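# Notes for the structure review
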Amino acid sequence: QVQLVESGGGLVQAGGSLRLSCVASGTMFSTNFMGWYRQAPGKQRELVATISSGGYTNYGDSVKGRFTISSDNAKNTVYLQMNSLKPEDTAVYYCKALLQDQFYWGQGTQVTVSS
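Read on for a plain summary of the structure. (Residues numbered from 1 in each chain as written. Predicted model: local features only at pLDDT ≥ 70, side-chain atom pairs only at ≥ 80, totals over all residues. Heavy atoms only, no water.)

## A few points about empty space enclosed by the protein
- For the coordinates displayed, the defined rule picks out one cavity of 30 Å³ or more.
- In this structure, the largest cavity encloses a volume near 50 Å³.
- Lining the largest cavity are Thr-31, Asn-32, Phe-33, Met-34, Ile-51, Ser-52, Ser-53, Ser-71, Asp-72, Asn-73, Asn-76 and Thr-77.
- Residues of the lining of the largest cavity, tallied by class, amount to three nonpolar, eight polar and one charged. (1 Å grid on protein atoms, 1.4 Å probe; cavity = no way out; pocket = protein on both sides within 12 Å on 5 of 7 lines; lining within 4 Å. Points joined across faces, edges and corners; volume = space filled by probe spheres on them. Nonpolar A, V, L, I, M, F, W, Y, C, P; charged D, E, K, R; others polar.)

Pasting the structure below:
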């Protein structure tokens, strides 16, 4: 059974940094696409960043220039380096992966940025 497990969330002051990780386990196949989405209380889930197996990246407008997505295809792992964090970045961050034509979601990790 495929599982996505996120880690690295926590509490940080504004201007600080965090690094999230997500590993896809329970499969012998490589992911075609992995990404990060976030959802703040009372808001819709939104795109943070995605990366394809070929290395193509896409970012949400609110995080461009501050966040960097990367991946290790051999380990089916995706990372999100978050710098210059702002209180409005506070949300639950979810990992998403496309594997064998099926999308999977992680359980989410909380990121809280204090002002």
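## Some details on the pattern of salt bridges
- If you walk through the whole model with that rule in mind, you get four salt bridges.
- Here Glu-46 ties to Arg-38 by a salt bridge, and the two come within 2.6 Å at their closest N and O atoms.
- Ionic pairing is found between Asp-61 and Lys-64, a salt bridge with its closest N-O pair at 3.1 Å. There is no split in this pair, since Asp-61 and Lys-64 are both exposed.
- Where salt bridges share partners, they join Arg-38, Glu-46, Arg-66 and Asp-89 into one cluster. (Salt bridge = Lys/Arg side-chain N within 4 Å of Asp/Glu carboxyl O. Buried < 20%, exposed > 50% of the residue type's maximum accessible area, 1.4 Å probe, protein only.)

## Re the sheet that holds strand β7 (residues 67–72)
- Read across the open sheet, the four strands follow the order β1-β3-β8-β7; overall the sheet is antiparallel. The sheet terminates laterally at β1 (3–7) and β7, the two strands that pair on one side only. Ignoring strand direction, the axes of neighbouring strands in this sheet form an average angle of 15°.
- In terms of strand pairing, strand β3 (residues 18–25) meets strand β8 (residues 77–82) through six bridges, oriented antiparallel. The residue of β8 that forms the bridge with Val-23 is Thr-77. (Pairing = 2+ DSSP bridges. Helix = DSSP H or I, 4+ residues; strand = E, 2+ residues; numbered from the N terminus. Axes fitted to C-alpha atoms, helices over the stretch in contact; angles between N-to-C directions.)

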